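Descriptive structure summary
So the chains spell out like this:
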Amino acid sequence: MIVVLLVLGFCGWGWRHRESVPFISKSLAFTTAPFEHGISRVSFLGKTGISILDQIIDNWNELEELKRENGSLKAEQSVYKEILAENMRYKTLLGFKERSKEYKLMGATTIMRDYGVWSNTLVIDHGEDAGLKKYMPVIVPEGIVGYITEVYPTSARVKLLIDPGCKIGVLVQRLDSRVEAIASGNSTNPGNLIISGLAREADVVKGDQIIASGYGGVYPKGALVGVVENVIVDEAGSTQSIEIKPAVNFGRLEEVFVIMNPIARTVLQKENSEELLKEPPMDPNMNRVGE
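Parameters and conventions
- Residues numbered from 1 in each chain as written.
- Predicted model: local features only at pLDDT ≥ 70, side-chain atom pairs only at ≥ 80, totals over all residues.
- Heavy atoms only, no water.
- Buried < 20%, exposed > 50% of the residue type's maximum accessible area, 1.4 Å probe, protein only.
- Helix = DSSP H or I, 4+ residues; strand = E, 2+ residues; numbered from the N terminus.
- Pairing = 2+ DSSP bridges.
- Salt bridge = Lys/Arg side-chain N within 4 Å of Asp/Glu carboxyl O.
- Axes fitted to C-alpha atoms, helices over the stretch in contact; angles between N-to-C directions.

Along a regular strand, successive side chains alternate from one face of the sheet to the other. Side chains Pro137 and Ile139 of strand E3 (residues 137-140) all project onto a buried face; the interleaved residues Val138 and Val140 project onto the opposite face, where all are buried too. Pairing of E3 with strand E4 (residues 143-151) involves four bridges; the strand directions are antiparallel. Note that in E4 the partner of Ile139 across the bridge is Ile144. Counted along the chain from E3 to the antiparallel partner E4, the turn is two residues long. As paired strands, E3 and strand E12 (residues 255-259) are joined by two bridges and run antiparallel to one another. Counterpart to Val138 in the pairing with E12 is Val258.

Spelled out as structure tokens, the structure:
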């Protein structure tokens, strides 16, 4: 123990007087330099590693926060886009209603759709509670949608023009043609209308605008039905069929208008005709109502 104490005391004395005793200071410096460098390096790397780790954690948290904010902004943007689209639709509908003051229009929203090969209908959110009745026509700014076939307490079913069971009197709008016919839904080419058995000499060409003739007292005269897409001459060459692309995109109907006032009366006011007043209105299948 005495020897150990002497050695420790000598080392302490040498460390205190290391500058005055060169061989001791140089020896200690040479001996401890690697350890000091290693400890310093390890300390530096430790501090740097901890700093980098902290930065990574901060960046990760910031990234997650940015992701949440981005998701929230996307959701808000989607809502704003929907509001903008809705406002644009309402603006168009309002403008159409203002231009169609001869009709008593009631706006309705589509709540269900049934588009198939044999049946094409939709359900709107107004019914008996709003005064809706069977055979009332349904339109949009683009053209005719169809007519009401069933009325429920708070809703109603609308048969679309493209339904094979739906018929409408039509007229070629072109002044040098004015061909009249009956169009119906095309079961062989769903989504289109067709005029069958038209005389071969009838002046109808591709691109002609087809409008409602007003006959039957169901649909308003002059309302757009569609555009002639194809003219097909039968094998015998005596008749032709006219395929019509509807003016209305039935797959995108969200809001529609129901014409509440009788069309026959409106036609009389516009055409100044007394003959239509003498005849009872016809249903969309061209059968007299009540027969």
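So much for the structure itself; the text now carries on.
Looking now at the pattern of salt bridges. Oppositely charged side chains may form a pair once their charged atoms are brought near each other. Scanning all chains against the criterion turns up four salt bridges. The salt bridge partner of Arg174 is Asp203, with a shortest N-O separation of 3.0 Å. Here Asp203 lies in the loop between strand E8 (193-199) and strand E9 (209-212) and Arg174 lies in the loop between strand E6 (167-172) and strand E7 (180-185), a separation of 29 residues in the sequence. In this structure Arg174 comes out as partly exposed when scored by relative accessible area, which is 24%. Residues participating in the shared-partner salt-bridge network are Arg174, Asp176, Asp203 and Asp208.

Read around the closed barrel, six strands run E6-E7-E8-E11-E10-E9, paired in antiparallel fashion. Strand after strand, the sheet turns through a mean of 40° between neighbouring axes, direction not considered. Strand direction decides the pairing type here: E9 and strand E10 (residues 224-233), joined by three bridges, are antiparallel. Paired with Ile210 across the strands is Gly226, a residue of E10.

Interpretation in functional terms is not warranted from these geometric data alone.
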